[in-house]
Amino acid sequence: MCSLEETTAVKKVLLRKRGREIRKRRAPLPDWSTAEPGEGAEDNRAAKVAKVHPAPKPNWFDEYTKDEVVAIDCEFVRPIGSRIAELATVAIVGGDKETIYKGMVKWEKGSFIVDYYTRRTNGFNESSLVKGKPFEEVQAKVKEILKDKLVIVCGGGNDFAALHLEMELYDVWDIQTYFQGMTSQVDRFGMPVFQPHKLRSIFKYCFPDECLNNIHTAENDALGTMRIFRWYRNNGTFLHDRRYMEDFTHMPRLK
C-alpha cells in the first residue's frame, strides 16, 4: 500500500501529465506532407516516421522554474554473489549547473566486484567507497531534493531502481527520448526501429568541441545531462527536422 505522501505525489504528477496531454492535443501536429523540399517532402518514409513520432511540444517543461529543475545521475557496483547493480554514488545538479548534492554509499572493501570493466567505467577500486554513508541516509536526501521537481535523466530507469524509488512518482524528462537514431531494423508494421544514443554521444553532438571523460562520475554525468537539457531548450524546435533525424542516425555511438 502507498503512503499518503506517495499517493499525493502520484496524483500531482498524473494531473500535470494529463494537463500536458490536453494542451498537446489542442496544438496542431506538424504536417510533413507539405514540407518544403529538403525537409522531408520528397522522402515518403521520413514523412511516415515523422507522423508516427510527432515532434513533442518543445516547451512543456517551461511550467517549471529554473529552481525546480534538477538532473540526476548514479554510478553502480555489483555486490559479490549478485547480478543486480546497486547504488555506489549519486549526484544532483541544479538548473544553473550547480551541484546540489553528492552522495556516496558505504561499501566495505571486498564487498563488491572490481574488475577491468569497473575500473574502466567509473574508476572504483576495492577501497573507493569505504567512507560512504548508509544507503538509507543517501536515499532520504535524494528523495527530499527530488520532491516536486522536474527530473532530467539519461535513461534513468537504472538510477531510480538503484535508489529504490518509483520513477512514476516523479515528472521525468529523459534526454534519450529525444535523441534517437534510426537503425537498419524494422518493426512488425514495417516502420524503422529507433535506438537511443548514450550520454557521451549526445553530449558530443550538442557540444562538438567538448567531450565527457571516459571514466564516468555521477557529478560529471549529471552536469552533462543538465547541459544537454539546457541546449535542447534553445534548439528543440528544430530537432525533428529530417536533417536532424539523419544526424542522429549517423551520430557516432561513443561508449
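Basis of the calculations
- Position numbers for residues start from 1 in each chain and track the written sequence from start to end.
- It should be noted that, the model being predicted, local features are given only for residues of pLDDT at least 70 and side-chain atom pairs only at 80 or more, the latter also being counted only at that level, while totals for whole chains, interfaces and linings use all residues.
- Excluding hydrogens and water, the side-chain values take into account all heavy atoms of the structure.
- Two aromatic rings from Phe, Tyr or Trp, using only the six-membered ring of Trp, form a pair when their centres are within 6.5 Å; if the ring planes differ by under 30 degrees the pair is stacked, by over 60 it is edge-to-face, and anything between is tilted.
- Buried means the residue's accessible area, taken with a 1.4 Å probe over protein chains only, is under 20% of the maximum for its type, while exposed means over 50%, and partly exposed covers the values in between.
- Here a cavity denotes a set of grid points, spaced 1 Å apart and computed over the protein atoms alone, in which a 1.4 Å probe fits but from which it cannot get out, and a pocket denotes an open set meeting protein on both sides within 12 Å along at least five of seven lines; residues with an atom within 4 Å of a point are reported as lining.
- Grid points are joined across faces, edges and corners, and a volume is the space filled by probe spheres set on the points.
- Here a helix means four or more residues in a row that DSSP labels H or I, a strand means two or more in a row labelled E, and each is numbered from the N terminus.
- Residues are grouped as follows: Ala, Val, Leu, Ile, Met, Phe, Trp, Tyr, Cys and Pro are nonpolar; Asp, Glu, Lys and Arg are charged; all remaining types, including Gly, are polar.
- The contact rule is simple, with two residues in contact once any of their heavy atoms fall within 4.5 Å.
- By definition, two strands form a pair when at least two bridges between them are found by DSSP.
- Axis geometry follows a simple rule: fit a line to the C-alpha atoms, using only the stretch in contact for helices, then measure angles between N-to-C directions, giving values from 0 to 180 degrees.

I'd like a rundown of the packing of aromatic side chains, residues and numbers included.
Per the counting criterion, the structure on display carries 13 aromatic pairs. Seen from their ring centres, W173 and Y178 are 4.7 Å apart, and the 10 degrees between their planes marks the pair as stacked. A single burial state applies to W173 and to Y178, both of which are buried. Between F203 and F207, the aromatic rings sit 4.9 Å apart at their centres with planes inclined by 45 degrees, giving tilted as the arrangement.

Break down the layout of surface pockets for me, with residues and values.
Looking at the largest pocket, its volume works out to about 990 Å³. Looking at the largest pocket, it is lined by 34 residues, and the ones nearest its centre are E75, F76, Y117, T121 and H216. Those elements that provide at least two residues to the lining of the largest pocket are β1 (69-77), α3 (116-121), α5 (157-163) and α6 (199-206). The residue makeup of the lining of the largest pocket, split by class, is twelve nonpolar, eleven polar and eleven charged.

I'd like a description of the environment of V93, backed by residues and values.
When you line up the elements, V93 lands in strand β2 (residues 86-94). Judged by relative accessible area, which is 0%, V93 ranks as buried. With residues near it in sequence (within four places) discarded, V93 still touches V69, V70, A71, E98, T99, I100, E219, A222, L223 and M226.

Hey, could you go over the sheet that holds strand β5 (residues 171-174) for me, with residue numbers and the actual values?
Backbone hydrogen bonds are what pair the strands of a sheet, in a parallel or an antiparallel way. If you trace the five strands from one edge of the open sheet to the other, you get β3-β2-β1-β4-β5, paired in mixed fashion. Each edge of the sheet is formed by a strand with only one pairing partner; in this case those strands are β3 (99-104) and β5. Averaged over neighbouring strand pairs, the angle between their axes works out to 25 degrees when direction is ignored. Relative to β5, strand β4 (residues 150-153) is paired through four bridges, and the arrangement is parallel. Residue pairing in the sheet places L150 in a bridge with D171 of β5. Those strands touched by helix α4 (residues 135-146) are β1, β2, β3 and β4, and its axis lies near 30 degrees from that of β2. In the packing of helix α7 (residues 218-235) onto the sheet, contacts are made with β1, β2, β3, β4 and β5, and the angle to β1 comes to roughly 145 degrees.

With reference to specific residues and values, describe the environment of R200.
Relative to the helices and strands, R200 is located in helix α6. On the basis of relative accessibility, which here comes to 10%, the residue R200 falls in the buried class. Between the alpha carbons of R200 and H216 there is a distance of 9.9 Å; along the sequence they are 16 residues apart.

Pulling in residues and values, what's your account of unusual backbone geometry?
Notably, K97 is not glycine yet its phi reads approximately 70 degrees, a positive angle. Relative to the helices and strands, K97 is located in the loop between β2 and β3. Its identity as a non-glycine residue notwithstanding, D148 has a phi of 65 degrees, on the positive side. Note on placement: D148 falls in the loop between α4 and β4. Overall, D148 belongs to the partly exposed group, its relative accessible area being 41%.

Note that every value here comes from positions in space, so none of it alone points to a role or purpose.
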